[in-house]
Amino acid sequence: MTNLLYSEIEEDLRGGVRRVLDDRCPWTGVLAGLEKDEPYDADLWRAVAVQLGCAGLPVPDERGGAGASWRETAVVMEELGRAVAPVPFLSSAVLATAALLAAGDAGADLLAELAAGEKIAVVAVPFSTAPKGPLGTSVRVEDGALTGAVTGVADGAAADVLLVPAPGGLYAVDAADARRTPVTSLDMTRRLCDIALAEAPARRVAEGEAAVRAALTAGAAMLASEQLGLADRCLESTVEYLKTRYQFGRPVGSYQGLKHRLADLWTAVAQARAVARYAAACLASGDPDTDVAVAIAQAHCSAVAVKAAEECVQMHGGIGFTWEHPAHLYLKRAKSSAIALGTPDRHRAALAGLVDLPPA
Amino acid sequence: MSSAPPDADDLRERVRSFLTDHDPSGMERLAFLRARFDAGLAWVHYPPGLGGLGAPRALQPVVDAEFAAAGAPRNDPERNGIGLGMAAPTILAYGTEEQKRRFLRPLWTGEEIWCQLFSEPGAGSDLAALGTRAVRDGDHWIVNGQKVWTSMAHEARWAILVTRTDPDVPKHRGMTYFICDMTAPGVEVRPLRQITGEAEFNEVFLTDVRIPDEHRLGEVGEGWRVATTTLMNERVAIGGNAVPREGGMIGVVARLWRDRPELRTPGLHDALLRLWVEAEAARLTGERLRQQLAAGAPGPEGSAAKLAFARLNQEISGLELELLGEDGLRYDDWTMRRPTEVDFTRRSPGYRYLRAKGNSIEGGTSEILRNIIAERVLGLPGEIRVDKDVAWKDLPK
Ligand SMILES: Cc1cc2nc3c(=O)[nH]c(=O)nc-3n(C[C@H](O)[C@H](O)[C@H](O)COP(=O)(O)OP(=O)(O)OC[C@H]3O[C@@H](n4cnc5c(N)ncnc54)[C@H](O)[C@@H]3O)c2cc1C
């Protein structure tokens, strides 16, 4: 059976990432960033991607990476989720990287640059796209140039390079050659933008849809770990608060109405850990069960993260409803992530086909 | 044993050499099982001499698979769940050498079935409130009281029993734990019919039952601590088994869905997929728990596994009845019977639906498990206790 635990190396990696995030990504900083123009925290990105070398984890040594795997990447995602870190890790170090890993030599240079954290790339699909769902693109190819529009691309404004699916394959476009319009996003820690291409010069890096599908599958698998990290943090901070907040002469955490809900949440988070680990392990080893594992992980972890964030708001009472408290950062990230890369419902529908439970 | 504990290859080798000396087809069933116990191949994590080899618990499936492949007789663990899952680990932890030697072998082979005399009419979740009295009489104890919900008491040769030996101290302190002979004079077992129609469990009346002091488990007054060991093992035993995908109740409904397209509706499809995902999540969580135990890092997921198992069984069996529609209105058998085991798969959907209701009550109710997770795992403050420093005899009952 697949190993669902964390290795010592993974725990060390977690420790390193957490130290950097504690230091450079306090929630007060994340909050302040919501109202800035910068689409992401560039200093934090350099620290995580370059100094810690996390961007290249799933990329083999000979292709310019760190030669680890998606299992380690998943641990980084957990930590980034805990901190709601405003960095384009999912977009560049997971989706774009997975696309280029599945592509041929044409993307080799760019892959190495992504792995080194020197460049940021995003796959130009709406963030809501499910691994097996329609790509929703109207982009055309004419004389090696792309024309068309893609809406709601996560971290599009942070990107140096756009990887655009279009008839015939996946094309790399210099982000400077596209018109990018920022979207006021539900989750301003991972901002969307609309992209318009007007005869933008493009270079084909992969044929067919396989690379995009690989990217979406990897993205969905890794997102589950991010959701786990977020849920775990929401639970932890809520438990801490309920031990110290007194009403009616007792800590509110001594009321069974709240204790039982937190016990259920803890149970759900423990399950989220098992399914997220399973998805990461399957992805890392190219297991034939990967599609099933990813659908399970997304269907489960999306719901757990949203529940955890909603309980976090509710159990903090009035303070949990204020801008000056981090609960809303978690809630917005959780709800956006549940829609991202396929809603739980779409993942269940995919599962119906995969495990032979056909619809009515 | 001074050498390192055996690994998987050692164990396979041991089973094979055991099988060359003990041909299962040419041997009487009980003689085979006893020999398997004596060879340390019963429960490999138990100590040598007591059916084990001090091997990692995670290697048990290796041994079981080898025996199954050879067509060896089984010890029918489903007939003695309380013995294997609860009595045995408690005897191992607290028993004297004499008790371990006397009780563990026939328990494992299934020659002697065990039951659990814990709950009483006035003490269920609050087990420590129990009032069955044990009074010392020389080198014996005289026991009087009533137990209830005692599963399989009608099959049992022995019972694990918790009693009150000192009513003058607060409830957790005045208890003592015994092994009770179910054939002793004064033990009366009366069937208690349950919502499924039959009687798995019983009322047990204890009237001047004499228990020799050598059947005491743990010190006098230490009963609560011993009972806690039993209960911890119970929660790991329920819902903690390795199953393949669709191995549990979800598989029954998934097969029904595939076989009977005319029953399908969009709403039930969504409900089925949700439960399928949850069943898989629970299964993987159980797998992760076992890996943690094997890696020497036991996590507190045990209570959570039981909690999730109960809820899932109830929801899935409820869905099955709705999916069946008209057929869901039928039941297989209401006659008052005395089953020898609980089997979810061989009975009708209606039975599954009803029996699953017990899953959130037996072995600690779901509410009590939530209290445990909240207080012992999350460290939230305990309930306000009105009974803590009051002598048992002065508690409101
Ligand atoms: C199928 C089955 C088999 C069983 N087999 C055995 C057996 O072999 N041996 C044995 O000794 N017992 C057995 N039991 C008994 C079982 O352990 C008890 O029924 C159980 O512990 C609950 O106790 P009770 O029935 O007295 O309910 P109560 O404790 O009276 O509970 C009533 C309700 O109050 C809730 N409640 C109680 N205290 C709290 C609290 N502090 N916070 C929140 N809610 C609370 C409970 O969850 C429950 O919903 C069996 C039960 C069943 C259903």
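Nothing here was measured: the structure is a model prediction, and the numbers come from that model.

Trainee: An account of the overall build of chain B is needed here, citing residue identities and associated values.
Mentor: Within chain B, the regular secondary structure consists of eleven helices and eight strands. Relative to its length of 397 residues, chain B is compact, with a C-alpha radius of gyration of 22 Å against a globular reference of 21 Å. Projected onto its principal axes, the C-alpha coordinates of chain B cover approximately 70 × 60 × 45 Å. With 397 residues in all, chain B has 53% of them scored as buried. Put simply, of all contacts in chain B between residues at least 6 apart along the chain, 70% involve residues at least 24 apart.

Trainee: Account for the overall build of chain A, with residues named and values stated.
Mentor: When its secondary structure is counted, chain A shows eleven helices and nine strands. In summary, chain A has a C-alpha radius of gyration of 20 Å against a globular reference of 21 Å for 360 residues, a match within 12%. By its C-alpha atoms, chain A is 75 × 45 × 45 Å across when sized along the principal axes. Considering chain A as a whole, with its 360 residues, one finds that 60% of them fall into the buried category.

Trainee: If you had to explain the site of the ligand to someone new, which residues and values would you point to?
Mentor: By nearness alone, 18 residues border the ligand, and S119, S125, W149, T365 and E367 of chain B come closest of all. Near the ligand, the surrounding residues belong to chains A and B. Q256 of chain A places a polar side-chain atom, nitrogen or oxygen, 2.8 Å from a nitrogen atom of the ligand. Here Q116 of chain B contributes a backbone N or O atom positioned 2.9 Å from a nitrogen atom of the ligand. Taking 970 Å² as the accessible area of the ligand by itself, protein coverage stands at 69%. Top contributing element to the shell around the ligand by residue count: helix α11 (residues 366–377) of chain B, with three residues.

Trainee: Requested: an account of the pattern of salt bridges, with residues and values cited.
Mentor: According to the stated counting rule, one finds 70 salt bridges over all chains in the structure shown. R190 of chain A is paired through a salt bridge with E226 of chain A; the nearest N and O atoms lie 2.9 Å apart. Remark: E226 of chain A occurs in helix α7 (residues 210–244) and R190 of chain A occurs in the loop between β6 (179–182) and β7 (192–207); sequence separation between them is 36 residues. When its relative accessible area of 4% is taken as the criterion, R190 of chain A is described as buried. With a shortest N-O distance of 3.9 Å, R101 of chain B and E97 of chain B are connected by a salt bridge. Of this pair, R101 of chain B and E97 of chain B both sit in helix α5 (residues 97–109), four residues apart, roughly one helical turn. Given the relative accessible area of 46%, E97 of chain B is considered partly exposed. In the salt-bridge network here, residues are joined through shared partners; they are E11, R14, R18, E78, E79, R82, D232, R233, E236 and R273 of chain A.

Trainee: Could you give me a rundown of the nonpolar core, with the residues and numbers involved?
Mentor: Residues and elements named next belong to chain A. F89 and L163 are the most contacted members of the largest nonpolar core, which totals 167 residues. Per element, the largest residue contribution to this core is 17 residues, and it comes from α7. Apart from residues lying up to four places away in sequence, L163 is in contact with A96, A99, L100, L110, V122, V123, A124, L170, Y171, A172 and V205.

Trainee: How would you sum up the interface of chain B and chain A? Please name residues and give values.
Mentor: Contacts between the two partners involve 43 residues from chain B and, on the opposite side, 44 residues from chain A. Sorting the residues of chain B by area buried against chain A places L284, R288 and L378 of chain B first, and these three jointly supply 17% of that buried surface. Our count for the chain B to chain A interface comes out at six salt bridges. For R245 of chain B, the salt bridge is made with D289 of chain A, and the minimal N-O distance between the two is 2.7 Å. Counting across the interface, chain B meets chain A through 17 residue pairs in polar contact (both at pLDDT 80 or more). Elements that contribute at least two residues to the side of chain B that touches chain A include exactly α7 (249–259), α8 (266–294), α9 (301–324) and α11 of chain B.

Trainee: Would you mind going over the domain arrangement of chain B in detail, with residue names and values included?
Mentor: You'll often see interface size given as the accessible area lost when the parts meet. Residues and elements named next belong to chain B. When the domains of chain B are assigned, the result is domain 1 (8–79 + 88–109), domain 2 (114–222) and domain 3 (227–377). For the pair domain 2 and domain 3, the summed buried surface comes to about 1700 Å²; carbon and sulfur atoms form 58% of the total. The largest per-residue losses of area from domain 2 upon contact with domain 3 belong to T196, E198 and E200, which jointly make up 32% of the total buried on that side. Taken together, domain 2 and domain 3 are joined by three salt bridges. For E198, the salt bridge is made with R337, and the minimal N-O distance between the two is 3.5 Å. For the pair domain 2 and domain 3, the number of links is eleven residue pairs in polar contact (both at pLDDT 80 or more). Across the side of domain 2 that touches domain 3, the residue classes break down as eleven nonpolar, seven polar and four charged.

Trainee: Give a description of the packing of aromatic side chains that names residues and reports values.
Mentor: A complete count under the given rule lists 14 aromatic pairs over all chains for this structure. On the numbers, 5.6 Å between centres and 75 degrees between planes, the contact of F18 of chain B with F32 of chain B is edge-to-face. One end of the pair, F18 of chain B, is in helix α1 (residues 8–21); the other, F32 of chain B, is in helix α2 (residues 29–38), and 14 residues separate them in sequence. Through a chain of ring-to-ring contacts, three or more aromatic side chains come together here, namely F37, W43, Y46 and W108 of chain B. Cation over ring: R14 of chain A sits above Y6 of chain A, and NZ or CZ is 4.6 Å from the ring centre. Positioned above the aromatic ring of W158 of chain B, the side-chain terminus of R157 of chain B is 4.5 Å from the ring centre.

Trainee: Give me the lowdown on the pairing of strand β4 (residues 161–166) of chain A, citing residues and values where you can.
Mentor: All names here are of chain A. Burial analysis of β4 places six of its six residues in the buried class, the great majority of the element. Along β4, one buried face is formed by V161, L163 and P165 and the opposite face, lined by L162, V164 and A166, is buried too. The sheet contact formed by β4 and strand β5 (residues 169–174) spans six bridges and is antiparallel. Paired with V164 across the bridge in β5 is Y171. What sits between the antiparallel neighbours β4 and β5 is a turn of two residues, in which G168 has the positive phi angle 100 degrees.

How each quantity is defined
- Residues numbered from 1 in each chain as written.
- Chains lettered and ligands numbered in written order.
- Predicted model: local features only at pLDDT ≥ 70, side-chain atom pairs only at ≥ 80, totals over all residues.
- Heavy atoms only, no water.
- Helix = DSSP H or I, 4+ residues; strand = E, 2+ residues; numbered from the N terminus.
- Rg over C-alpha atoms; globule rule 2.2 N^0.38 Å.
- Buried < 20%, exposed > 50% of the residue type's maximum accessible area, 1.4 Å probe, protein only.
- Contact = heavy atoms within 4.5 Å.
- Near = heavy atom within 4 Å.
- Polar contact = N/O pair within 3.5 Å; in protein donor to acceptor, adjacent residues only side chain to side chain.
- Areas by Shrake-Rupley, 256 points an atom, 1.4 Å probe, with all protein chains shown as cover.
- Salt bridge = Lys/Arg side-chain N within 4 Å of Asp/Glu carboxyl O.
- Core = buried A, V, L, I, M, F, W, Y, C linked by side-chain atoms within 4.5 Å.
- Buried area = accessible area lost by both parts, 1.4 Å probe.
- Domains from an automatic or database assignment.
- Nonpolar A, V, L, I, M, F, W, Y, C, P; charged D, E, K, R; others polar.
- Phe/Tyr/Trp six-rings, centres within 6.5 Å; stacked < 30°, edge-to-face > 60°.
- Lys NZ or Arg CZ within 6 Å of the ring centre and 35° of its normal.
- Pairing = 2+ DSSP bridges.

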